[in-house]
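Fold and contact review
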Amino acid sequence: MAMTSILLSHDAPRSFSVVKMASRAPAATGRLMLGFRKWYYNMCGFNKLGLMRDDTIYEDSDVKEALRRLPEDMSNERTFRIKRALDLSMKQQILPKDKWTKFEEDVSYLSPYLNEVIRERKEKEEWMKK
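All values reported here derive from a predicted model rather than from experimental measurement.

Some remarks on the pattern of salt bridges
- Under the counting rule described, the total for this entry stands at 13 salt bridges.
- Arg69 is paired through a salt bridge with Glu116; the nearest N and O atoms lie 3.5 Å apart. You can see Arg69 sitting in helix H2 (residues 61–69) and its partner Glu116 sitting in helix H4 (residues 111–129), a full 47 residues away along the chain.
- The class for Arg69 is partly exposed, based on a relative accessible area of 26%.
- Under the relative-accessibility criterion, Glu116 is labelled partly exposed at 34%.
- Within this structure, Glu65, Arg68, Arg69, Glu116 and Glu120 form a network of salt bridges that share partners.

Given below as structure tokens:
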């Protein structure tokens, strides 16, 4: 660890030691951001209803097409989570804490299908321009 002395010329000479920690900043920032993301995930509240992040996406035409392409088992699981969340919401209840969706377990199941739909739409738009 490099130590640097700085002499401030005010009334009396004082020396301060400055620790250079630039090499540690990315790791600390990464941990801080992860902590913030987990905190924000829990504050959103959808996990307390058993929903995943992709269950809350606004359904425009691209998302509807991606949902149509989902495998049947994933689609059934999504429908179950949404119906359960609606039921809990109407009862003004939340799931027991052990059944909340955890940050680490929340996978982006819709993104591969959605990215494919968006790519196809953009390709079609480019083709129509010609």
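A look at the packing of aromatic side chains
- Under the criterion given, the structure shown has four aromatic pairs.
- Here the aromatic rings of Phe36 and Tyr40 are separated by 6.4 Å at their centres, their planes lie at 20°, and the arrangement is stacked. Here the residue Phe36 and the residue Tyr40 both occupy positions in helix H1 (residues 25–44), the gap between them amounting to four residues, near one helical turn.
- Judged by centre distance (5.2 Å) and plane angle (85°), the ring pair of Tyr41 and Phe46 falls under edge-to-face. In this structure, Tyr41 and Phe46 share a single accessibility class: buried.

So, how was this worked out
Residues numbered from 1 in each chain as written. Predicted model: local features only at pLDDT ≥ 70, side-chain atom pairs only at ≥ 80, totals over all residues. Heavy atoms only, no water. Salt bridge = Lys/Arg side-chain N within 4 Å of Asp/Glu carboxyl O. Helix = DSSP H or I, 4+ residues; strand = E, 2+ residues; numbered from the N terminus. Buried < 20%, exposed > 50% of the residue type's maximum accessible area, 1.4 Å probe, protein only. Phe/Tyr/Trp six-rings, centres within 6.5 Å; stacked < 30°, edge-to-face > 60°.

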